[in-house]
2 protein chains.
Amino acid sequence: MKKELGPFFEPESVAIIGASATPHKPGNEVIKNILANGYEGKLHLVNPKGGEIFGLPVHASISSLPVGIDLAVIILPAKDTPGALRECAKKGIKHVVLSAGGFAEVDESGLRIQHEIVDIIQQTGVSVLGPNTSGHTSTPHRFTSTFFPLGRIRPGKVSYVAQTGNFATHSMKHILTAEHFGVSRVIGLGNKIDIDETDALEYLADDPQTSAIVMYLESIKRPGRFLEVAREVTAHKPVVVLKSGATEAGRHAAVAHTAAMGAEDRLVDGLLRQAGIVRIRNYSHLILAGKALSMAPLPRGARVSFLAPSGAMLVSLADLCVRLGLEVPELTPGALERIQEFSPPFIRMRNPVDIWASASVHGVEFAYREGMEAVLKDPDIDAVIAVLMLTEDTGIPPFDFIVDLAGKYPEKPVLITFSGDKHYEEECKAFIEPLGVPSFPEIEQPFEALSILSRCAQAMKRPR
Amino acid sequence: MKKELGPFFEPESVAIIGASATPHKPGNEVIKNILANGYEGKLHLVNPKGGEIFGLPVHASISSLPVGIDLAVIILPAKDTPGALRECAKKGIKHVVLSAGGFAEVDESGLRIQHEIVDIIQQTGVSVLGPNTSGHTSTPHRFTSTFFPLGRIRPGKVSYVAQTGNFATHSMKHILTAEHFGVSRVIGLGNKIDIDETDALEYLADDPQTSAIVMYLESIKRPGRFLEVAREVTAHKPVVVLKSGATEAGRHAAVAHTAAMGAEDRLVDGLLRQAGIVRIRNYSHLILAGKALSMAPLPRGARVSFLAPSGAMLVSLADLCVRLGLEVPELTPGALERIQEFSPPFIRMRNPVDIWASASVHGVEFAYREGMEAVLKDPDIDAVIAVLMLTEDTGIPPFDFIVDLAGKYPEKPVLITFSGDKHYEEECKAFIEPLGVPSFPEIEQPFEALSILSRCAQAMKRPR
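Calculation notes
Residues numbered from 1 in each chain as written. Chains lettered and ligands numbered in written order. Predicted model: local features only at pLDDT ≥ 70, side-chain atom pairs only at ≥ 80, totals over all residues. Heavy atoms only, no water. Helix = DSSP H or I, 4+ residues; strand = E, 2+ residues; numbered from the N terminus. Rg over C-alpha atoms; globule rule 2.2 N^0.38 Å. Buried < 20%, exposed > 50% of the residue type's maximum accessible area, 1.4 Å probe, protein only. Contact = heavy atoms within 4.5 Å. Areas by Shrake-Rupley, 256 points an atom, 1.4 Å probe, with all protein chains shown as cover. Lys, Arg positive; Asp, Glu negative; His and termini not counted. Charge placed at Lys NZ, Arg CZ, Asp CG, Glu CD. Least-squares fit on C-alpha atoms with pLDDT ≥ 70 in both. Pairing = 2+ DSSP bridges. Right-handed = clockwise from strand over helix to strand, strands pointing away. Core = buried A, V, L, I, M, F, W, Y, C linked by side-chain atoms within 4.5 Å. Axes fitted to C-alpha atoms, helices over the stretch in contact; angles between N-to-C directions. Parallel < 35°, antiparallel > 145°, perpendicular 65-115°, else oblique.

(A) Structural view of the overall build of chain A. Within chain A one finds 17 helices and 19 strands. What you see for chain A is a C-alpha radius of gyration of 25 Å, in line with the 23 Å of a compact globule of 464 residues. Counting across all 464 residues of chain A, residues that qualify as buried make up 65%. Contacts in chain A between residues at least 24 apart in sequence constitute 76% of all its contacts with a sequence separation of at least 6. Here chain A has roughly 16200 Å² of accessible surface; of this, 54% comes from carbon and sulfur atoms. Here chain A contributes 47 positive and 54 negative side-chain charges, whose respective centroids are spaced 5 Å apart.

(B) Here's a closer look at the environment of A:Gln123. Residue position: A:Gln123 is located in helix α4 (residues 108-124). Each C-alpha atom of the pair A:Gln123 and A:Ala200 lies 22 Å from the other, and the pair is 77 residues apart in sequence.

(C) Representation of the relation of the copies chain A and chain B in the model. When chain A is fitted to chain B, the best match, at an RMSD of 0.0 Å, comes from turning it 180 degrees and sliding it 0.0 Å along the axis. Such a turn and shift between the copies fits a two-fold axis. Comparing interface residues between copies, 100% of those in chain A also lie at the interface in chain B; the contact surface is shared.

(D) The pairing of strand β2 (residues 42-46) of chain A, seen in detail. All names here are of chain A. When you tally the buried positions in β2, you get 4 out of 5 residues, the bulk of the element. In this sheet, β2 lies alongside strand β1 (residues 13-17) in parallel orientation, the contact comprising 5 bridges. When the bridges of β2 are listed, Val14 appears paired with Leu43. One crossover worth recording links β1 to the parallel β2 by way of helix α2 (residues 26-36), and it is right-handed. Pairing of β2 with strand β4 (residues 56-59) involves 2 bridges; the strand directions are parallel. Counted as the bridge partner of Val46 is His59 from β4.

(E) Region of the structure containing the nonpolar core. Formed by 112 residues in total, the largest nonpolar core has its most connected members in A:Tyr160, A:Val240, A:Phe306, B:Tyr160, B:Val240 and B:Phe306. In this structure B:Phe306 touches B:Met313, B:Leu314, B:Leu317, B:Ala318, B:Cys321, B:Val328, B:Asn351, B:Pro352, B:Val353, B:Ile385 and B:Phe447, once residues within four positions along its chain are discounted. Residues A:Phe8, A:Leu201, A:Phe226 and A:Val241 belong to the second largest nonpolar core, which totals 46 residues.

(F) Representation of the environment of B:Gly41. Its location among the elements puts B:Gly41 in the loop between α2 (26-36) and β2 (42-46). Sequence spacing of B:Gly41 and B:Arg266 is 225 residues, and the spatial spacing of their C-alpha atoms is 46 Å.

(G) Geometry of the sheet that holds strand β7 (residues 127-129) of chain A. Residue and element names in this part refer to chain A. Pairing in this open sheet of 7 strands is mixed, and the strands run β3-β4-β2-β1-β5-β6-β7 from one edge to the other. Each having just a single partner strand, β3 (52-53) and β7 make up the two edges of the open sheet. Pairing of β1 with strand β5 (residues 71-74), which is carried by 4 bridges, proceeds in the parallel orientation. Across the sheet, Ile17 pairs through a bridge with Ile74, a residue of β5. Running at roughly 170 degrees to β2, α2 makes contact with β1, β2 and β3 of the sheet. Packed onto the sheet, helix α3 (residues 81-90) meets β1, β5, β6 (95-98) and β7 and runs at close to 170 degrees relative to β5.

(H) Quick peek at the packing of helix α12 (residues 333-341) of chain A against helix α14 (residues 364-377) of chain A. Residue and element names in this part refer to chain A. Two elements in contact, α12 and α14, have axes whose closest approach is 9 Å; the angle formed by their N-to-C orientations is 170 degrees. Relative to α14, the element α12 lies roughly antiparallel. Here Ala335, Arg338 and Ile339 of α12 come into contact with α14, specifically with Phe366, Glu370, Ala374 and Val375.

(I) Quick look at the sheet that holds strand β16 (residues 353-354) of chain A. All names here are of chain A. Taken in spatial order, the 5 strands of this open sheet run β16-β15-β17-β18-β19, and their pairing is parallel. Two strands bound the open sheet, and with one partner strand each, they are β16 and β19 (439-440). Two elements, strand β18 (residues 414-420) and β19, share 2 bridges in a ladder whose sense is parallel. Residue pairing in the sheet places Thr417 in a bridge with Phe440 of β19.

Coordinates in, geometry out; function isn't part of it.
Set out below in structure tokens:
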């Protein structure tokens, strides 16, 4: 049965149980985050001490709260959590985030408390996110329940589901400080005693604010239902999953984490493939995938043309394409002719495109612009990657031509990486990314990103 | 027979044939580079126009040069190169760099000129680097023949051999602007009509200024001899090779590049393994390997302990270790006890080390310092990687404790990566790297680097 998760993401009123006046305490940071994101609903604070926090009145007890509150965020020690949850249920609050840790992931006594919470859920029918979660975020509704100091979270169209509180904390901080894309919903599942990855996926499936879903999972609680739901979703939205605990060493580390033992990895592999989910292996690809899905269209196929200023790069990146399942096809005669036209006659042009000579003769801007446009026009090419040469030697071009080209061919991913002077690479990134063109510091990354995009596109087209 | 390459790397006098007074021309840039690097030998310039360049007198012809010059750098159009080479030989110059392109990599007429040069080499016995090379570099001798504007090249202890001129140009610019390690010798082989990768390897084998060798190759000209030489070298110096053209697509791109067709890849794989060479696959790992070999010791084995502030990272990085051939062993009781001592009692500590809780309780500096030292002390651990959490939330520690620890355990690689705020990550890198501790922006990179180091160490120990 599909859970009604709407109030988690669009609450009209929220209660913070365990609100704190002490700076840096989770019960204080969560309020700061909510205010920083400009939450427009009603915010109720609860702390036995009463008083005011950030100018907001504090209720001394849950029982003194008004009725009709959509969502409660409980930030209390584990032992005080069941009582508070019961009181929330009594007050008619049907959706609760349990932020604190100290449950089954810790010890026997934590496990007993967790069992108690499961009983309360069954008795009262409340929906619970957590425990042991660092919260969730909903930028379209300007709301977050995370207690990690993030400040304003940049809105975007990709949603994240993570079976680890830390994704919503320092990894999110990394996205906010190192990247230019934003997020729509972020769901930290925690110990998932109630809401699990399948519920989250089912909600995001119909969420008009979510165009793609990226998940970090250590276990899949209800594989059968997960498969059913995922098969539906992946027909119209890309779903990318990092399922870790794939190896003995990984599983070993997982035990200490969210009290979940990873299932046999090959079974998982088959399940994800049947579900039309694109599996990734690297933690950093959670960010890479989110960036690619945020900033580039899905390509029609896996046929890439790329331009590089070095034969060595052309050769080793062509090898990489094969390893990543990307094709580097011959160009159509029209594209080939155009590229040959502005290249020194002694260089036999082909795909991938050796752009060094024409950049030396005609300048970086002209060579890359004409070269990129020629292959973007080619009907046999689905995506274009440019290894942009940025050194004072050949001159630093204005970067708007890249943004123009990406805008002119909106159906084809245009991904940028660099060779040359780090300083200008960063300048270029700072210019093109806020205008929607993704760039990547490591030369292999746009290929890895395109491989993810192309696998997503293939998964959407497969028969169901 | 071993070629005498010393004069390429320690020339007491050099002639630049095709010296130019025109800024930005290769014949001008090469002089600027030589001066910027503080070359202390005698520099002779040749140009029919005579006059002065950068205050140095210009000879109108090669014949008017003094005798006894060690090395000539010919930067002339292809068609003028054979004549100049012949004149250099007549003048008794035995070592020549042919910088220009326009030979076999271009067309039939270029191929004919290249054949002519081969004849001259056979008739005169000159040693030739190139043609179609962007030059070579020797930082211990403060000399370079590259015409790409690099300015001062940072000295280091790793040497590069590249069958592509571009490595010595914009990729080198990238190293100089993005990294803190330097290079010893850099050899751009070009079309290798005379000096090839085997000669280069043989020279670097006995070079006291070279502690490790990183090569980019598209073909191996004399596989038998290469194997013989490499087996010797790899017994005492690490050799890392990116051999590209491994796939059909890659070979396709290679044809247009240095006129070399890659050999059947599986044969190459076997050859490199027999030679004790560590094979890498990514272009960016040419830099990663150089950095690791420059800044970290070779580990005794493949047993790593790592610390991360997130269970998700611990699990997915443990998986990564398995894929990379690294072991994540149990800690010895002493190390375990020490880590448990300063961690909240409810967290069962193990390897990999979940440092989040103790960093929250004791602060980032204390937790990482104590945690890193505990595992560095463990005799069953060969290397330590720390995923350093840098956010204002938990505070930004002073970074000198990392440098101190790396200095205290010089036999164990200490590699750093980050989670959190990009700004502080860059601050940390800027602090620790000039003091000799390598850091990596992507979380998987220190593991990839350690895998290369550990494979190098294993290769040195294998029976020959």
